[in-house]
Amino acid sequence: MTTKRNSADIKRSILIVLVLFLAIALWGMVIAFHGMTIDNLWITLGASTAIGLFSGFLFWQRWQRFTHISHFIPNYAISVIFMTAIIADLFYGLNFAFADKESTTESATIERLYSETHHHTKRVSRRTVVQGEPYKMYYVEVRFRTGKKKTMTMPVRQWSKMHRGDTLQIKISKGLLGMPVIRRSGCPVDVPRSSYSRQFYRH
């Protein structure tokens, strides 16, 4: 009996970790798609949240099987978090995937250059993930002639050569849902591997 209970607890712990990673991945995709789209983030998230709030009433009971919690509020909140991310990814994904193949080049003026320090994640055991080594992400904030602003990540090689007031030529395509899509070749940003992860890529 104890063995079966321990096995069930292990399976549930693994499932919880997988669901957490799925939530992080879904919201990570929202951030990535937003970085390639010229839109009003609050409008996109507002519409996605409205649908998520409504769908939460439809799906909260299904989360009971996973959470083992009978109360409405926690299950509803989890449902809203997931559904909002899924709907936002659908908006951005469809807009990007079916954007016009042809693009135009628009001028944008650099208004701000800055960097932020982030951290790798490091797994120390099957259930434990801790904060790993720091690394920097590099950003450029530009203003288009239409007045719209956009913040984009840049590899440090390009970022270090830019200055405030410089003009960038950026390729833009019209998205399926009307939100302009930024076309960028190559890798738009490089995230250095941590020393922990590099050990698995040695030859």
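The rules we used
- Residues numbered from 1 in each chain as written.
- Predicted model: local features only at pLDDT ≥ 70, side-chain atom pairs only at ≥ 80, totals over all residues.
- Heavy atoms only, no water.
- Helix = DSSP H or I, 4+ residues; strand = E, 2+ residues; numbered from the N terminus.
- Buried < 20%, exposed > 50% of the residue type's maximum accessible area, 1.4 Å probe, protein only.
- Contact = heavy atoms within 4.5 Å.
- Areas by Shrake-Rupley, 256 points an atom, 1.4 Å probe, with all protein chains shown as cover.
- Core = buried A, V, L, I, M, F, W, Y, C linked by side-chain atoms within 4.5 Å.
- 1 Å grid on protein atoms, 1.4 Å probe; cavity = no way out; pocket = protein on both sides within 12 Å on 5 of 7 lines; lining within 4 Å.
- Points joined across faces, edges and corners; volume = space filled by probe spheres on them.
- Nonpolar A, V, L, I, M, F, W, Y, C, P; charged D, E, K, R; others polar.
- Phe/Tyr/Trp six-rings, centres within 6.5 Å; stacked < 30°, edge-to-face > 60°.
- Lys NZ or Arg CZ within 6 Å of the ring centre and 35° of its normal.
- Axes fitted to C-alpha atoms, helices over the stretch in contact; angles between N-to-C directions.
- Parallel < 35°, antiparallel > 145°, perpendicular 65-115°, else oblique.
- Left-handed = near helix turned anticlockwise from the far one by under 90°.
- Patch = residues over 30% accessible without salt bridge, like charges linked within 9 Å, V, L, I, M, F, W, Y side chains within 5 Å.
- Salt bridge = Lys/Arg side-chain N within 4 Å of Asp/Glu carboxyl O.
- Pairing = 2+ DSSP bridges.

**Some thoughts on the overall build of the chain**
- Along its length, the chain carries five helices and five strands.
- When the helices and strands of the chain are listed from N to C terminus, the series reads α-α-α-β-β-β-α-β-β-α.
- Counting only residues that meet the buried cut, the chain has 32% of its 203 residues in that class.
- Long-range pairs, those at least 24 residues apart, make up 66% of the contacts in the chain between residues at least 6 apart in sequence.
- Looking at the chain as shown, the accessible area adds up to about 13,700 Å², and 61% of this sits on carbon and sulfur atoms.

**Describing the nonpolar core**
- Counting residues in each nonpolar core, the largest one holds 15 residues, and the members touching the most others are V140, V142, F144, M152, M154, L168 and I170.
- Where this core is concerned, the elements lending two or more residues are β1 (104-123), β2 (129-144), β3 (149-154) and β4 (167-174).
- A total of four residues in this core trace back to one element, the largest contributor, which is β2.
- When sequence neighbours within four positions are dropped, the list of residues in contact with V142 reads A108, T109, I110, E111, K148, K149, K150, M152, L168 and I170.

**With respect to the layout of surface pockets**
- Its boundaries defined by the atoms lining it, the largest pocket holds a volume of some 810 Å³.
- When grouped by side-chain class, the residues that make up the lining of the largest pocket number 17 nonpolar, six polar and seven charged.

**Examining the packing of aromatic side chains**
- Evaluated as defined, the whole model comprises nine aromatic pairs.
- Here the aromatic rings of Y138 and W159 are separated by 4.8 Å at their centres, their planes lie at 50°, and the arrangement is tilted. Of this pair, Y138 sits in strand β2 while W159 sits in helix α4 (residues 156-159), placing them 21 residues apart in sequence. W159 shares its class with Y138; the two are buried.
- Each residue in the set F57, W60, F72 and Y76 is aromatic and connected to the rest through ring pairs, giving one cluster.
- We note R183 situated over the ring of F96; from NZ or CZ to the ring centre the distance is 5.4 Å.

**Describing the packing of helix α2 (residues 41-67) against helix α3 (residues 72-97)**
- Relative orientation of the contacting elements α2 and α3 amounts to 135°, with a least axis distance of 4 Å. In terms of axis orientation, α2 runs oblique to α3. α2 and α3 meet at a crossing whose hand is right-handed.
- Class assignment for the residues of the contact of α2 with α3 results in 18 nonpolar, 11 polar and no charged.

**A short note on a nonpolar patch on the surface**
- On the surface, a nonpolar cluster with roughly 550 Å² of combined accessible area is contributed by I86, L90, L94, F98, L176 and L177.
- Mapping L94 onto the fold places it in helix α3.

**Some words on the pattern of salt bridges**
- Applying the stated criterion across every chain yields a total of three salt bridges.
- Across the pair K149 and E111 runs a salt bridge whose closest N-O atoms are separated by 3.4 Å. With K149 in strand β3 and E111 in strand β1, this pair connects stretches of sequence that are 38 residues apart.
- The partly exposed category is assigned to K149, whose relative accessible area is 44%.
- On the basis of relative accessible area, E111 is assigned to the partly exposed category, the value being 26%.
- Here the salt bridges share partners, and the residues they tie into one network are E111, E141, R143 and K149.

**Side note on unusual backbone geometry**
- Of note, the phi angle at H68 is positive, near 60°, even though the residue is not glycine.
- Positionally, H68 belongs in the loop between α2 and α3.

**Here we look at the pairing of strand β5 (residues 180-183)**
- Where β4 and β5 come together, four bridges link them in antiparallel fashion. In the sheet register, K171 faces β5, and the bridge partner there is R183.
- Between β4 and β5, which pair antiparallel in sequence order, lie five residues; one of them, G178, sits at a positive phi of approximately 90°.

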